[in-house]
Amino acid sequence: MNNLTKEQLESILENIDLSKAPSAEDETMRQYWYIKKAREYVSSISEKIGRKLTCNTVTFGCQMNARDSEKLVGILELIGYEELDDEHADFVIYNTCTVRENANQRVYGRLGFLHSLKKKNPHMMIGLCGCMMQETHVVEKLKKSYRFVDLIFGTHNIYKFAELLVTRFESNRMVIDIWKDTDKIVENLPSERKFSFKSGVNIMFGCNNFCSYCIVPYVRGRERSRNPIDIIREIEQLVADGVVEIMLLGQNVNSYGKNLDNPITFAQLLREIEKIEGLKRIRFMTSHPKDLSDELIEVMAKSKKICSHLHLPVQSGSSAILEKMNRHYTKEQYLNLVEKIRKAIPDISLTTDIIVGFPGETEEDFLDTMDLVEKVRYDSAFTFIYSRRTGTPAAAMEEQIPEDVIKDRFDRLLDRVQKISREMSARYTGTVQQVLVEEMNTQDESMVTGRMSNNLLVHFPGDASMIGNLYQVSLEECKGFYYIGKIA
Ligand code: 5AD
Ligand code: SF4
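Procedures and definitions
Residues numbered from 1 in each chain as written. Chains lettered and ligands numbered in written order. Predicted model: local features only at pLDDT ≥ 70, side-chain atom pairs only at ≥ 80, totals over all residues. Heavy atoms only, no water. Near = heavy atom within 4 Å. Polar contact = N/O pair within 3.5 Å; in protein donor to acceptor, adjacent residues only side chain to side chain. Areas by Shrake-Rupley, 256 points an atom, 1.4 Å probe, with all protein chains shown as cover. Helix = DSSP H or I, 4+ residues; strand = E, 2+ residues; numbered from the N terminus. Nonpolar A, V, L, I, M, F, W, Y, C, P; charged D, E, K, R; others polar. Core = buried A, V, L, I, M, F, W, Y, C linked by side-chain atoms within 4.5 Å. Buried < 20%, exposed > 50% of the residue type's maximum accessible area, 1.4 Å probe, protein only. Contact = heavy atoms within 4.5 Å. Pairing = 2+ DSSP bridges. Axes fitted to C-alpha atoms, helices over the stretch in contact; angles between N-to-C directions. 1 Å grid on protein atoms, 1.4 Å probe; cavity = no way out; pocket = protein on both sides within 12 Å on 5 of 7 lines; lining within 4 Å. Points joined across faces, edges and corners; volume = space filled by probe spheres on them. Parallel < 35°, antiparallel > 145°, perpendicular 65-115°, else oblique. Left-handed = near helix turned anticlockwise from the far one by under 90°.

## A few points about the site of ligand 1
- Lining the immediate surroundings of ligand 1 are Val99, Arg100, Tyr213, Gln315, Asp353, Ile355, Phe384, Ile385, Tyr386, Ser387 and Arg389.
- One of the backbone nitrogen or oxygen atoms of Ser387 is found 2.8 Å away from a nitrogen atom of ligand 1.
- Protein contacts shield 85% of the accessible area of ligand 1, which totals 410 Å² for the unbound molecule.
- Elements supplying a minimum of two residues to the shell around ligand 1: β13 (349–356) and β14 (380–385).
- Split into classes, the residues belonging to the shell around ligand 1 amount to six nonpolar, two polar and three charged.

## Focus: the nonpolar core
- By size, the foremost hydrophobic cluster in this structure holds 70 residues, and its most contacted members are Ile235, Ile246, Leu248, Phe266 and Ile273.
- Ranked by residue count, the leading element in this core is helix α14 (residues 403–425), at six residues.
- Discounting chain neighbours no more than four positions away, the residues touching Phe266 are Ile203, Leu248, Val253, Asn254, Tyr256, Phe284 and Leu296.
- The next biggest cluster of nonpolar side chains, apart from the first, holds 37 residues, and it includes Leu18, Ile35, Val42 and Phe161.

## Things to note about the sheet that holds β13
- Taken in spatial order, the three strands line up as β12-β13-β14 in an open sheet, and their pairing is parallel. The open sheet has two edge strands, β12 (309–311) and β14, and neither has a second partner. For this sheet, the mean angle separating the axes of adjacent strands, direction not counted, is 15°.

## Some details on the site of ligand 2
- Taken together, Cys207, Asn209, Phe210, Cys211, Tyr213, Cys214, Val216, Pro217, Gln251, His288 and Arg327 make up the full set of residues adjacent to ligand 2.
- Class assignment for the residues of the shell around ligand 2 results in seven nonpolar, three polar and one charged.

## Here's the deal with empty space enclosed by the protein
- Tallied over the entire structure, the rule returns one cavity of 30 Å³ or more.
- Quantified by volume, the largest cavity comes out at close to 540 Å³.
- Counting residues per element, the lining of the largest cavity draws most heavily on helix α3 (residues 63–79), which supplies five residues.

## So, the packing of helix α10 (residues 294–302) against helix α12 (residues 331–344)
- Between α10 and α12, the shortest axis-to-axis distance is 9 Å and the interhelical angle comes to 30°. As judged from the angle between their axes, α10 and α12 are roughly parallel. Crossing hand, α10 versus α12: right-handed. Residue-level inspection shows Asp294, Ile297 and Ala301 of α10 in contact with α12, the latter providing Leu337, Lys340, Ile341 and Ala344.
- Split into classes, the residues belonging to the contact of α10 with α12 amount to five nonpolar, no polar and two charged.

## Considerations on the pairing of β13
- Counting buried positions over the eight residues of β13 gives eight, a clear majority of the element.
- By the alternation rule, side chains of β13 split into Ser349, Thr351, Asp353 and Ile355 and Leu350, Thr352, Ile354 and Val356, which are all buried.
- Alignment of β12 against β13, held across three bridges, turns out to be parallel. Paired with His309 across the two strands is Ser349, which belongs to β13.

Put into C-alpha cells, the structure is as follows:
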C-alpha cells in the first residue's frame with residue numbers, strides 16, 4: 001500500500017535517465033534516480049542467484065520509528081526486495097531506539113544473532129539506522145566490534161536510504177552516514193503501509209524541549225514542521241487509497257507550525273484535516289501539557305473525527321521534580337488542565353507516561369506522583385524506570401536513586417495505575433460504541449479485533465471482510481483492558 005500508486009511510481013522511474021547524473025536541485029528526483037540505480041544492482045544479483053532478494057525491517061521504539069520503517073520498506077520494495085517477516089533475509093535493517101538504555105542492549109544482543117545468519121548467507125547485508133545511531137559512542141563501538149554491519153545511518157538522512165544503498169553496492173566497506181541535524185524535509189518519497197486502513201502521518205520532526213532526562217532532542221534534532229499543504233495532500237492521497245484513520249505524529253504536536261514561514265497552530269491544522277472527505281478518524285501524539293491550548297480543547301470538543309483520546313505525559317506528580325525535569329508546569333497546573341479538558345470533553349480517555357526514580361526523587365515526591373494518579377484516574381499509563389542517558393543534564397545530577405528503591409516505587413505505582421485503569425476501562429460496559437476492525441483475532445478465528453475511539457480494544461464475532469470498516473458494537477464484558485462484544 002502506497003501513497004503514490006504503483007503506476008505513478010513506475011512512471012517516475014521510467015522517466016529517469018541513468019546515463020545522466022542525478023539531479024542536484026531536486027532531492028526527491030535525486031533519490032528516485034538512486035532507487036532506479038539500486039534496482040539494477042538488485043536485479044542483477046537476483047538473476048545470478050535465480051531468486052528474488054528478500055528484506056526484513058525490525059522496528060524498535062515509538063510510532064515515529066514505525067512510520068520511518070514504512071518509508072524504508074517503501075523504498076526497498078520499489079528497489080525490488082520482497083518483504084519477509086523474519087530476519088532470514090538478504091537485507092535486514094534494525095531501526096533503533098535509544099530513549100532508554102535497555103533498547104540499546106537489545107540491539108547489541110540481536111546483532112550477534114544476525115552475524116550468525118550472515119555467515120551462512122553470502123548475499124546478506126545488515127543495516128542499522130534510527131536514534132541509537134545518532135550517538136557517537138554507539139557508532140564507535142560498531143566500527144570497532146561489529147565490522148560485519150554494512151550500512152549505518154541516522155534519523156536525519158533516512159530519505160537518502162537508496163543513495164546509501166547504492167554506495168554500499170559500489171564499495172566493499174562499511175558505509176556510515178550520520179548527520180548532526182538538518183533543516184531539510186524531503187516530500188513525495190514512497191512508503192509502504194503496514195495497515196491498509198490506517199496510517200501514521202508525520203506533521204513535524206525533532207524536539208526543542210530538552211526535558212532534562214531525555215535524549216530525543218539530541219538524536220532527532222531541532223523542531224521542524226511540515227507545510228500544512230503537504231500534510232493535507234498526503235492525507236488526501238491516503239484516503240483515496242482506503243485509509244480511514246490517521247495518526248498525526250510529532251514529539252510535541254502542540255508546538256506544530258510555530259516555525260513555518262506562515263505560522264499556523266496545531267488546532268488550525270486539525271480544522272483543515274477534519275474537512276477531508278472520507279477520513280473517519282483523527283488521532284495524534286504526543287501532546288506536551290505546557291503547550292496545550294484552549295483552542296485545541298475547543299476543536300477537539302467540537303470535532304466529529306478527532307478521537308476521544310488524549311495522551312498527555314505527566315512524567316511526575318512532584319512539582320519539584322517537574323522543575324528539575326524542565327517540564328515547565330507544576331502538579332497543580334497539570335491537574336487544572338485535566339479538569340479543563342474533562343469539563344469540555346467529559347468522556348475523554350486520558351493516558352500518560354510516568355518516570356519513576358528521576359535523580360533526587362524522594363519518597364515524598366513519589367507520593368505526589370501516586371496522589372496525582374489517584375486524582376486524574378488515567379485510562380492507562382505507561383510507567384518507566386528512569387534510565388540515565390549520557391549527555392543529558394539529568395545524567396550528571398547527583399543523587400541518582402538506588403535500584404532497589406526505584407523498583408519498590410515502580411511496583412507500587414504499576415499496581416495502582418493498573419487497578420485504576422481496569423476500573424476506568426470497565427465504565428463502558430453495556431454501551432454501544434463505534435469500533436474500527438483492525439485484524440483477525442489472534443486466538444479465535446471466528447472473532448475480529450478492533451479499536452474504539454478511546455483506543456480500547458474490542459474482540460467480537462466477525463470475519464476478514466470486516467477489516468478496515470467501522471461497526472457499532474455492543475460492549476458486553478470488560479476483561480481488564482479490553483472488551484468482548486457483539487455487533488449491535
Ligand atoms: N528514562 C526513562 N524514561 C524516559 N522517557 C524518555 N526518556 C526517558 C529516560 N531517560 C519516557 C518518557 C517519555 C516516553 C516516550 O519515554 O516518559 O514520555
Ligand atoms: Fe523528550 Fe521532552 Fe521532547 Fe518529549 S518533549 S521528546 S520527553 S525532550
